[in-house]
Amino acid sequence: MSDEVDLEQLMQDSQVPYAMASEPPLSFRAEGYDYDHEVLVTLPPSHSVAPDRSYPVLWAMDGPMMHALVAGIVNVYTMGRRVPETIVVSVGHAAAQGMAGFGKREFDLHPPGSLIGNDELAERILTAGSGAALLKMSESFKGDRFLAFLVDQLRPALTERYRMNDDHALMGHSSGGYFTGFALFARPGAFSRYLIGSGTHPHTLELEAEYAASHDDLPARVFLGGGAGEVDNVDLSASRIVSRTVFLAENLRMRRYPSLALKTQLYADRDHFTVMPPMFADGLQYLYADEAAKLPQLPA
């Protein structure tokens, strides 16, 4: 039904807002958790006036920290026809919980097991101070449960509230990037577009090899990015953020999957934080380039 909507005519209608609209925060209790997650939703401009239309969905990790940036880029790029009208959903923990709430992300975004992998040099760095306690708790990480929550529990619940179609994208940065890469191989096909920012978990590389051993194609659009300046930080170097990102990109390129669209970009003079705005902007434009090509284009 959405294909029958005359988007050009709709956008010219004075009743259609020119900007996206954010919903009040929602709370959901994931199975296997004893606390709630906060869910932020921002809707496309035409959502309120096109009841027969459905929309692709962009799922962003780290809720309140990322949502404003991600939704803002999608808002501007919707106006510029760089991305289609898209529902943006961010999942995390309420900012009012402070750093205790933010710390819960590590349990959400890492698969069970080691943070490090077989890397003695990195382990000496990452287990210094509070890292040692985090490593001991790594067997309690819930990345697999959190992924099941997003796909099997939260997605159907939100689809009842909002008109979501079957085009789902997943994006994250740092630990969120670890999780996005993990999801690509742990639940292949659950999403069709992936923005993996500054983070590849060692378990992800294992899953990638296992996937390649039994598959000859990977239908997905994937953007891998990071800041070249991240190697100047000793803790980020110990996390192998840049090297694992490149290693994953090289492996995927060498697999020669016919249905994989892949782009990798490292940003000069950008660190772990300053890389996010340009990487998200470039990554989202790449992820949706196929759909944007179908839209009437405005002058650049």
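So, a few notes on the structure that sits alongside this text. (Residues numbered from 1 in each chain as written. Predicted model: local features only at pLDDT ≥ 70, side-chain atom pairs only at ≥ 80, totals over all residues. Heavy atoms only, no water.)

Overview of the overall build of the protein
No. 1: Each helix and strand in the protein was counted, giving 13 helices and nine strands.
No. 2: Residues classed as buried in the protein amount to 53% of the 300 residues present.
No. 3: When the accessible surface of the protein is split by element, carbon and sulfur atoms take 53% of a total near 13,600 Å². (Helix = DSSP H or I, 4+ residues; strand = E, 2+ residues; numbered from the N terminus. Buried < 20%, exposed > 50% of the residue type's maximum accessible area, 1.4 Å probe, protein only. Areas by Shrake-Rupley, 256 points an atom, 1.4 Å probe, with all protein chains shown as cover.)

Some thoughts on empty space enclosed by the protein
No. 1: Within this structure, the stated rule accounts for two cavities of 30 Å³ or more.
No. 2: Reported here for the second largest cavity is a volume of approximately 30 Å³.
No. 3: What lines the second largest cavity is simply Ala60, Met61, Asp62, Met66, Val70, Met171, Gly172, His173 and Phe280.
No. 4: For the lining of the second largest cavity, the secondary structure elements donating two or more residues are strand S4 (55-61), helix H2 (63-79) and strand S6 (164-173).
No. 5: Sort the elements by how many residues they give to the lining of the second largest cavity and S6 lands first, with three residues.
No. 6: Classifying every residue of the lining of the second largest cavity by side-chain character gives six nonpolar, two polar and one charged. (1 Å grid on protein atoms, 1.4 Å probe; cavity = no way out; pocket = protein on both sides within 12 Å on 5 of 7 lines; lining within 4 Å. Points joined across faces, edges and corners; volume = space filled by probe spheres on them. Nonpolar A, V, L, I, M, F, W, Y, C, P; charged D, E, K, R; others polar.)

Comments concerning helix H7 (residues 143-161)
No. 1: Helix length check: H7 (19 residues) gives 26 Å between terminal C-alpha atoms against 27 Å at 1.5 Å per residue, within 8%.
No. 2: Taken as a whole, H7 carries its principal kink of about 40° at Leu154; the proline Pro156 stands between one and four residues after it.
No. 3: Among all positions of H7, only Gly143, Phe146, Leu147, Phe149, Leu150, Val151, Leu154, Arg155 and Leu158 are buried. (Expected span 1.5 Å × (residues − 1). Bend = angle between axes of the 7 residues up to and from the residue.)

Examining the environment of Asp62
No. 1: One can find Asp62 in the loop between S4 and H2.
No. 2: Assessed through its relative accessible area of 8%, Asp62 is described here as buried.
No. 3: Sequence separation between Asp62 and Arg105 is 43 residues, and the spatial gap between their C-alpha atoms is 7.2 Å.
No. 4: Once you skip the residues sitting within four places of it in the chain, Asp62 turns out to touch Val91, Phe102, Arg105, Leu109, His173 and Gly176.
No. 5: At 2.7 Å, the side chain of Asp62 forms a polar contact with the side chain of Arg105. (Contact = heavy atoms within 4.5 Å. Polar contact = N/O pair within 3.5 Å; in protein donor to acceptor, adjacent residues only side chain to side chain.)

So, the side chain of His37
No. 1: Relative to the elements of secondary structure, His37 occurs in strand S3 (residues 36-43).
No. 2: For His37, a relative accessible area of 0% puts it in the buried group.
No. 3: For His37, the contacting residues outside a window of four places in its chain are Leu26, Ser27, Phe28, Ala30, Val91, Gly92, His93, Asp108, Phe146 and Phe149.

Concerning the pattern of salt bridges
No. 1: Scanning the model with the defined rule gives ten salt bridges in all.
No. 2: Measuring nitrogen to oxygen at the nearest pair gives 2.6 Å for the salt bridge that ties Asp36 to Arg29.
No. 3: The partner of Arg193 in a salt bridge is Asp167, with the nearest N and O atoms 2.8 Å apart. Of this pair, Arg193 sits in strand S7 (residues 193-197) while Asp167 is found in strand S6, placing the two residues 26 residues apart along the sequence. Neither Arg193 nor Asp167 differs from the other in exposure class; each is buried.
No. 4: A cluster of three or more residues bridged by salt bridges with shared partners is formed by Asp167, Arg193, Asp290, Glu291 and Lys294. (Salt bridge = Lys/Arg side-chain N within 4 Å of Asp/Glu carboxyl O.)

Some details on helix H8 (residues 175-186)
No. 1: Here H8 spans 16 Å end to end across twelve residues, near enough to the 16 Å set by a 1.5 Å rise per residue.
No. 2: Counting buried residues in H8 gives eleven out of twelve residues, a clear majority hidden from the surface.
No. 3: Where H8 is concerned, the buried positions are Ser175, Gly176, Gly177, Tyr178, Phe179, Thr180, Gly181, Phe182, Ala183, Leu184 and Phe185.

Brief notes about the nonpolar core
No. 1: Among the nonpolar cores identified, the biggest contains 50 residues, and Val89 and Leu158 are the most heavily contacted of them.
No. 2: With seven residues, H7 is the single largest residue contributor to this core.
No. 3: Not counting chain neighbours up to four residues away, the residues in contact with Leu158 comprise Leu26, Phe28, Val39, Trp59, Val89 and Met164. (Core = buried A, V, L, I, M, F, W, Y, C linked by side-chain atoms within 4.5 Å.)

Digging into a nonpolar patch on the surface
No. 1: Together, Met65, Met99 and Phe102 make up a nonpolar patch on the protein surface, roughly 320 Å² of accessible area in all.
No. 2: Within the secondary structure, Met99 is located in helix H3 (residues 98-103).
No. 3: Taking relative accessible area as the criterion, Met99 reaches 65% and is therefore assigned exposed. (Patch = residues over 30% accessible without salt bridge, like charges linked within 9 Å, V, L, I, M, F, W, Y side chains within 5 Å.)

A short note on the pairing of strand S2 (residues 26-29)
No. 1: With burial as the criterion, only one face of S2 is covered, namely that bearing Leu26 and Phe28; the residues Ser27 and Arg29 on the opposite face remain uncovered.
No. 2: The loop that links S2 with its antiparallel partner S3 comprises six residues; one of these, Gly32, has a positive phi angle of about 90°. (Pairing = 2+ DSSP bridges.)

Side note on the environment of Val231
No. 1: Relative to the assigned elements, Val231 resides in the loop between strand S8 (220-227) and helix H10 (234-238).
No. 2: According to the relative accessible area criterion, Val231 is partly exposed, its value standing at 45%.
No. 3: C-alpha of Val231 to C-alpha of Val242: the two residues are eleven residues apart in sequence and 6.9 Å apart in space.
No. 4: Non-local contacts of Val231, meaning those with residues more than four positions away in its chain, are made with Ser237 and Val242.

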